[in-house]
Amino acid sequence: MAPLRKHDMQLRAATTDEITGTWDERWFGMVVGINSVYYPSDVQGLALVDHHDELVGLVTYHVDGPSGQIVTLDTMVRGRGFGGRLLEAIENKFHNLGLGRSWALFTNDNLRAAGLYLSRGYRLIRVHLDAVDKVREHKPKLPDRGYDGYPLRDLWEFEKMGLLGGLPVP
Ligand SMILES: CC(C)(COP(=O)(O)OP(=O)(O)OC[C@H]1O[C@@H](n2cnc3c(N)ncnc32)[C@H](O)[C@@H]1OP(=O)(O)O)[C@@H](O)C(=O)NCCC(=O)NCCS
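Keep in mind that this is a model prediction, so the values were computed, not measured.

**Some thoughts on the sheet that holds strand β1 (residues 10-13)**
So, step 1. Taken in spatial order, the seven strands of this open sheet run β1-β4-β5-β6-β7-β9-β8, and their pairing is mixed. Each edge of the sheet is formed by a strand with only one pairing partner; in this case those strands are β1 and β8 (123-128). In this sheet, adjacent strand axes meet at a mean angle of 25° when their direction is disregarded.
So, step 2. One ladder, built from four bridges, connects β1 with strand β4 (residues 44-49); its direction is antiparallel. Each residue of the ladder has a partner; that of L11, found in β4, is L48.

**Observations concerning the site of the ligand**
So, step 1. Of all residues adjacent to the ligand, which total 24 residues, the nearest are L73, G79, G81, G84 and N110.
So, step 2. Take N110: an N or O atom from its side chain is 2.6 Å from an oxygen atom of the ligand.
So, step 3. For the shell around the ligand, the secondary-structure elements that each account for two or more residues are β6 (67-75), α2 (82-96) and α3 (111-119).
So, step 4. The element contributing the most residues to the shell around the ligand is α3, with six residues.

The rules we used
- Residues numbered from 1 in each chain as written.
- Predicted model: local features only at pLDDT ≥ 70, side-chain atom pairs only at ≥ 80, totals over all residues.
- Heavy atoms only, no water.
- Pairing = 2+ DSSP bridges.
- Helix = DSSP H or I, 4+ residues; strand = E, 2+ residues; numbered from the N terminus.
- Axes fitted to C-alpha atoms, helices over the stretch in contact; angles between N-to-C directions.
- Near = heavy atom within 4 Å.
- Polar contact = N/O pair within 3.5 Å; in protein donor to acceptor, adjacent residues only side chain to side chain.

Everything listed here is a matter of coordinates, which is why it stays silent on function.
What follows is the structure, given as structure tokens:
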């Protein structure tokens, strides 16, 4: 089979079924933030799809005043540039919506996500110590340890100001 390349993939608006399916599989059906809980009906999404219209990545977002929150970012195959492509697309989307700030939360084990965001100009602006305790109240099956066996404890908040746009985004 030919390798999947990021430039062969297309972006389109995600369906609620795609968001629900991905969140059920990867997020216990919901996303718990600092003072909020999101369900699929609370967010919109951009899907990255292959030439069979199969999902290879999904970014979901929520707009709150002048900021856009990246609620989830998932790729079905890692290390092929799909995460970067989706991050670029969502920043364009936010820019086109007139938003000046993009931000995201993720757990303290997620060095891969941290690398992706840092390499694209995001900064770590807050560490919400022990915020995963609250996540566990909603997701009792969340394991004690995450990627590479790191204890899951805190939420890291990353932001990027001054988004550059230009690309049309669905
Ligand atoms: C985080 C995630 C979206 C990254 O997607 P991906 O398709 O692998 O990302 P890409 O291939 O575009 O980019 C990888 C980038 O991550 C970084 N990266 C890759 N491997 C890394 C590692 N071992 N350590 C640190 N950074 C790493 C690099 O910055 C790389 O950027 P580059 O393209 O400039 O080299 C993916 O791993 C995923 O779906 N994770 C599960 C869900 C999740 O945790 N989402 C993030 C929080 S919402």
